[in-house]
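# Analysis of the macromolecular model
So you can see what is in the structure, the chains are spelled out below.
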Amino acid sequence: MTKNKTVLAWLDEMKALLTPDNVVWVDGTDAQRDELRRVAVELGELEELNQEKLPGCYLHRTNPNDVARVEDRTFICTSTKEMAGPTNNWCDPKEMYEKLYNIARGSYKGRTMYIIPYSMGPIGSPLAKIGVEITDSVYVVLNMLIMTRVSNEVWDVLGDSNDWVRGLHSRCDVDPEKRYICHFPEDNTIISVNSGYGGNVLLGKKCFALRIASFQGWKEGWMAEHMLILGLQNPKGEVHYIAAAFPSACGKTNLAMLIPPEYLRKKGYKVWTVGDDIAWMRIGEDGRLYAINPENGFFGVAPGTNAHSNFNALESTKKNTIFTNVALDLNDKTVWWEGLNKNLPENALDWKGNPWDPAKFNKADKTTCAAHPNSRFTAPAENCPCISDEFNKGAGVPISAIVFGGRRAKYAPLVYQSRDWENGVFIGSAMASETTAAAAGAVGVVRRDPMAMLPFCGYHMGDYFRHWLEMGKKLGDKAPKIFNVNWFRTDDEGNFIWPGFGDNMRVLNWIIDRCEGKATASETAIGYVPQPEDIDLTDLDMDLDTLKDILTVDKAVWEKEAAEIEEHYKKFGDRLPQELRDQLATLKANLK
Ligand code: GTP
Ligand code: SPV
Ligand code: MN
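Reference entry: report on the structure contained in this document. Because the structure is a prediction, the values reported are computed rather than measured.

## Description of the overall build of the protein
Of regular secondary structure, the protein possesses 17 helices and 31 strands. In terms of overall dimensions, the protein is globule-like: its C-alpha atoms have a radius of gyration of 23 Å, near the 25 Å expected for 592 residues. Contacts spanning at least 24 positions in sequence make up 72% of the contacts within the protein whose residues lie at least 6 apart. Of the charged side chains in the protein, 68 are positive and 81 negative; the average position of the first set lies 2 Å away from that of the second.

## Overview of the pattern of salt bridges
Applying the stated criterion across every chain, the model contains 36 salt bridges. Here arginine 37 and aspartate 34 are joined by a salt bridge, their closest N and O atoms 3.8 Å apart. Taken together, the positions of arginine 37 and aspartate 34, both in helix H2 (residues 30-43) and three residues apart, correspond to about one turn of that helix. For aspartate 34, a relative accessible area of 40% corresponds to the partly exposed category. Its salt-bridge partner being lysine 570, residue glutamate 567 comes within 2.7 Å of it at the nearest N-O pair. Note that glutamate 567 and lysine 570 are positioned in helix H16 (residues 555-570) at a spacing of three residues, about one turn of the helix. Since its relative accessible area comes to 56%, lysine 570 is described here as exposed. In the salt-bridge network here, residues are joined through shared partners; they are Lys205, Lys206, Lys252, Asp277 and Glu295.

## Thoughts on a negative patch on the surface
Side chains of Asp541, Asp543, Asp545 and Asp549 sit close together on the surface and give a patch of like negative charge. Secondary-structure assignment places aspartate 543 in the loop between strand S31 (528-529) and helix H15 (544-551). For aspartate 543, a relative accessible area of 46% gives the class partly exposed.

## Brief notes about helix H14 (residues 505-515)
Among the eleven residues that make up H14, nine are buried, leaving the element largely enclosed by the rest of the structure. Looking at H14, one finds that the buried residues are Met505, Arg506, Val507, Leu508, Asn509, Trp510, Ile511, Ile512 and Arg514.

## Some points on the layout of surface pockets
Estimates place the volume of the second largest pocket at around 560 Å³. Only H2, helix H5 (138-147) and strand S8 (149-150) provide two or more residues apiece to the lining of the second largest pocket. In terms of residue class, the lining of the second largest pocket is made up of eleven nonpolar, ten polar and six charged.

## Details of the coordination of the manganese ion (ligand 3)
Protein coordination of the manganese ion (ligand 3) is provided by Lys206 (NZ), His226 (NE2) and Asp277 (OD), with donor distances spanning 2.2 to 2.3 Å. One can describe the donor arrangement at the manganese ion (ligand 3) as octahedral, given that its six donor atoms subtend angles of 71 to 175° at the metal. Each donor residue of the manganese ion (ligand 3) lies on one chain, and together they are spaced K-x19-H-x50-D. Of the two residues, lysine 206 sits in helix H8 (residues 204-220) while histidine 226 sits in the loop between strand S12 (223-225) and strand S13 (228-233), which places them 20 residues apart along the sequence. For the pair formed by lysine 206 and histidine 226, the shared burial category is buried.

## Focus: the environment of asparagine 4
Inspection of the secondary structure puts asparagine 4 in the segment before helix H1 (5-18). In this structure asparagine 4 comes out as buried when scored by relative accessible area, which is 2%. Along the sequence, asparagine 4 and leucine 158 sit 154 residues apart, while their C-alpha atoms lie 8.0 Å from each other. Sequence-distant contacts of asparagine 4, defined by excluding residues within four places in its chain, comprise Leu158, Gly159, Asp160, Ser161 and Trp164. Looking at asparagine 4, its side chain comes within polar contact range of the main-chain nitrogen of valine 7, at 3.0 Å.

## Looking at the site of ligand 1
Lining the immediate environment of ligand 1, one finds 21 residues, of which Ala249, Lys252, Thr253, Asn254 and Arg376 sit closest. With respect to ligand 1, the side chain of histidine 226 contributes an N or O atom lying 3.4 Å from an oxygen atom. Put simply, the parts of the chain that give the shell around ligand 1 at least two residues each are helix H9 (252-256) and strand S18 (297-301). Class assignment of the residues belonging to the shell around ligand 1 gives a composition of ten nonpolar, seven polar and four charged. Two domains each provide a minimum of three residues to the shell around ligand 1, namely domain 2 (225-296 + 389-591) and domain 3 (298-383).

What counts and how
Residues numbered from 1 in each chain as written. Chains lettered and ligands numbered in written order. Predicted model: local features only at pLDDT ≥ 70, side-chain atom pairs only at ≥ 80, totals over all residues. Heavy atoms only, no water. Helix = DSSP H or I, 4+ residues; strand = E, 2+ residues; numbered from the N terminus. Rg over C-alpha atoms; globule rule 2.2 N^0.38 Å. Contact = heavy atoms within 4.5 Å. Lys, Arg positive; Asp, Glu negative; His and termini not counted. Charge placed at Lys NZ, Arg CZ, Asp CG, Glu CD. Salt bridge = Lys/Arg side-chain N within 4 Å of Asp/Glu carboxyl O. Buried < 20%, exposed > 50% of the residue type's maximum accessible area, 1.4 Å probe, protein only. Patch = residues over 30% accessible without salt bridge, like charges linked within 9 Å, V, L, I, M, F, W, Y side chains within 5 Å. Areas by Shrake-Rupley, 256 points an atom, 1.4 Å probe, with all protein chains shown as cover. 1 Å grid on protein atoms, 1.4 Å probe; cavity = no way out; pocket = protein on both sides within 12 Å on 5 of 7 lines; lining within 4 Å. Points joined across faces, edges and corners; volume = space filled by probe spheres on them. Nonpolar A, V, L, I, M, F, W, Y, C, P; charged D, E, K, R; others polar. Donors = N, O, S within 2.8 Å, 3.2 Å for Na, K, Ca; no water. Tetrahedral: all angles 85-135°; square planar, octahedral: opposite > 155°, others 65-115°. Polar contact = N/O pair within 3.5 Å; in protein donor to acceptor, adjacent residues only side chain to side chain. Near = heavy atom within 4 Å. Domains from an automatic or database assignment.

In structure tokens, the structure reads:
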């Protein structure tokens with residue numbers, strides 16, 4: 001295990017507070033994992049699925065009050081409120097520690113305390129960082145074994161260093177009134193109580209790799225972003241890397257694992273997945289921006305995932321996967337969710353474990369769904385048929401393009417390119433998207449979600465924008481080009497106009513061609529937009545006029561957008577960089 005004094009002292013403190021009956025050191029071995037699966041089944045936390053069809057796969061149902069991230073109960077506890085900024089809930093650290101310790105005190109009584117040493121990023125990579133999570137949930141342990149790199153080697157790499165992130169999770173009574181997800185960036189500490197759901201409790205993910213890491217990156221000169229990373233291979237065999245930030249449930253996993261349309265596959269185009277949710281990026285020795293995926297698995301949205309929309313994700317879930325809040329097909333003990341196929345199961349349990357009546361299913365009414373809209377799979381990255389060779393190397397991949405995007409039924413064109421880095425930061429800072437089931441609260445409401453980091457930025461967002469601008473200055477002419485995409489424009493009946501999924505490759509090719517100086521575009525008020533002929537529509541049932549329609553920049557609509565951005569910017573007061581104020585003024589002038 002470890003002789004690290006800082007670790008042992010913290011564990012002693014936690015044991016005294018939580019009073020567990022047993023302590024288990026998690027070591028990442030298959031033998032221990034198998035034993036933990038057995039325990040989880042015995043406790044009723046997991047249900048074993050058909051081991052012939054889905055070897056190593058299990059189903060978990062959360063408490064129905066606990067199915068998504070809880071943004072209104074997520075806090076950044078910095079020494080001053082100003083540091084956390086206007087977009088985060090804040091509480092004085094001393095007060096919050098006291099409150100949380102009072103909630104957690106004695107909560108492991110009659111339970112086991114699991115100690116999980118994990119690395120975000122390949123163990124020992126100079127870009128990786130170490131965390132220790134303690135939890136009383138076997139489900140959390142089994143998920144962390146998939147999502148992060150857990151091993152005794154982590155202790156060896158840590159040695160006697162104090163550079164590690166403390167994570168305390170206690171499920172307590174899963175009481176939504178006492179649920180708190182709290183971050184203490186100045187102490188490298190996370191405390192999560194009264195939840196058992198994904199992003200609230202797998203502390204390596206959003207809590208560490210985004211909220212704490214974004215704070216660390218700000219102090220240390222690197223970036224932690226809510227981004228997928230993909231490698232686009234062209235017929236010459238060259239691979240260009242793209243990082244893309246879309247808000248939760250807006251298509252990162254899908255884009256990261258894209259399969260190009262057949263005519264492009266035949267020419268030799270291919271996409272490799274490096275990551276589907278989080279990117280840590282640093283400036284390399286050659287001055288370019290390098291990214292790693294700190295995770296080791298995918299915590300992906302199940303509904304809508306099928307062999308056509310995302311073959312690679314579906315393949316990734318065929319073994320050693322934990323399904324959370326999906327439906328159980330009792331005929332053969334397999335899983336089902338809306339959008340998996342058209343065969344609604346006749347004999348199934350819904351995500352709450354109640355018999356499900358397919359006759360009552362109504363697509364428009366989420367309460368009739370078999371699977372929860374935010375049901376997820378936790379699948380090992382090594383299962384993914386298109387996982388990149390770079391995934392485990394830890395050196396990072398050089399990023400050619402950064403892509404922002406979101407769900408906008410109107411406004412944003414299919415794709416456009418920023419004029420330069422500063423203009424790109426402006427586009428990211430003004431991003432808006434319709435809310436999804438990934439967080440508790442209303443769905444389909446447009447909100448500003450800068451760089452898709454609104455729920456994940458661990459400090460003042462004005463300082464975060466400033467940090468982006470500083471990174472651009474350091475990168476100079478080696479900076480990635482910045483783009484914006486929108487796959488979600490709808491027609492008057494509410495249908496998506498752009499086919500999306502694999503066909504997004506057509507847009508990615510334009511993006512890479514722009515980076516290489518090969519493709520043309522027209523300059524508009526908001527940036528460079530392709531001419532309809534610039535997007536290859538081979539084999540697609542779409543005419544140029546429709547494409548033209550979703551590439552149009554409507555000035556009246558953008559004037560309204562500019563006014564809304566001005567409102568949005570007011571929140572940041574004098575912490576909003578002047579450069580962004582100037583960018584907004586330029587946009588307004590361009591629209592005149
Ligand atoms: P998080 O894991 O929450 O951060 O989400 P994500 O960004 O990885 O989202 P994901 O790829 O899982 O997509 C979420 C939903 O968007 C799914 O229901 C998809 O089917 C849908 N989706 C993804 N890509 C497209 C697309 O190109 N077009 C359309 N219309 N829908 C898409
Ligand atoms: C998201 O909500 O952006 C997710 C899922 O990726 S969770 O891990 O629950 O945050
Ligand atoms: Mn996410």
